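As a plain string of letters, each chain reads:
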Amino acid sequence: AQSVTQLDSQVPVFEEAPVELRCNYSSSVSVYLFWYVQYPNQGLQLLLKYLSGSTLVKGINGFEAEFNKSQTSFHLRKPSVHISDTAEYFCAVVKTSYDKVIFGPGTSLSVIP
Amino acid sequence: IAGITQAPTSQILAAGRRMTLRCTQDMRHNAMYWYRQDLGLGLRLIHYSNTAGTTGKGEVPDGYSVSRANTDDFPLTLASAVPSQTSVYFCASSDNRGSYNEQFFGPGTRLTVL
């Protein structure tokens, strides 16, 4: 069965510091990978996605993620966070041959001024 | 502004009552979804619809029903609410149900069943 693990449920980080949010998935077949962000009291919105090609994917708001097939990971990074990045971040996986999206449990990023 | 609207924003409901959560999108997307979000569990799919007139069961469909009479609307009904259905409910849509498609989410409905 397919699953998504986000190893850190909460990540506090000081403003302007770098951050990495970890995501690992289990799948024996090819997958597409997504990161969504949920700001307080809002729905989710897409940050970035990996479908194919370059393993380094750039998204909105200065975020990027790297697909590592051998480690089945898709970690999200930002070199310098802002207060406005405080939000819940969800990693999501879907098999390329199927259409059911599996969401991870989420990581709560808190940026400390 | 194009997007998805959900109503109500929040609701407190007595157990055993019937409740319909409304969802409307104006993007002419074929596929629509209902998720529930619970702390530590992420989002779990309740029901989905590939196109108007068709629906399917997701991961946690028990106690919920949906209908898709037209492209824009996708209501979710709790026939007899139970406390375990206390959650935040999100409606989403995508251009089609292809696995590569981004999903667009509504603002959510916070439901409390007492």
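Here the structure is a predicted model, which means the values were calculated and not measured.

Scoring rules and cut-offs
Residues numbered from 1 in each chain as written. Chains lettered and ligands numbered in written order. Predicted model: local features only at pLDDT ≥ 70, side-chain atom pairs only at ≥ 80, totals over all residues. Heavy atoms only, no water. Pairing = 2+ DSSP bridges. Helix = DSSP H or I, 4+ residues; strand = E, 2+ residues; numbered from the N terminus. Axes fitted to C-alpha atoms, helices over the stretch in contact; angles between N-to-C directions. Buried < 20%, exposed > 50% of the residue type's maximum accessible area, 1.4 Å probe, protein only.

Chemist: Lay out the sheet that holds strand E8 (residues 76-78) of chain B in plain terms, naming residues and giving numbers.
Modeler: Strand pairing in a sheet takes place through backbone hydrogen bonds and is either antiparallel or parallel in direction. Residues and elements named next belong to chain B. Across the sheet, 4 strands lie side by side as E1-E3-E8-E7; this open sheet has antiparallel pairing. Each of the sheet's edge strands pairs with one partner strand only, and the pair in question is strand E1 (4-7) and strand E7 (64-66). If you compare each strand with its neighbour and ignore which way they point, the axes differ by 20° on average. Both strand E3 (residues 19-25) and E8 contribute to a ladder of 3 bridges, which runs antiparallel. The residue of E8 that forms the bridge with Met-19 is Leu-78.

Chemist: Before we move on, can you summarise unusual backbone geometry with the specific residues and values?
Modeler: Where the residue is not glycine, phi is negative for most of them; where a peptide bond is considered, it is trans in most cases. Between Ala-7 of chain B and the following residue, Pro-8 of chain B, the backbone shows a cis peptide bond with an omega angle of -5°. On the secondary structure map, Pro-8 of chain B appears in the loop between E1 and strand E2 (10-13). For Glu-16 of chain A, which is not glycine, the phi dihedral falls at a positive 75°. Within the secondary structure, Glu-16 of chain A is located in the loop between strand E2 (10-14) and strand E3 (19-21). Its identity is not glycine, yet Asn-41 of chain A carries a phi of approximately 60°, on the positive side. Along the chain, the position of Asn-41 of chain A falls in the loop between strand E5 (31-38) and strand E6 (44-50). Since its relative accessible area comes to 73%, Asn-41 of chain A is described here as exposed.

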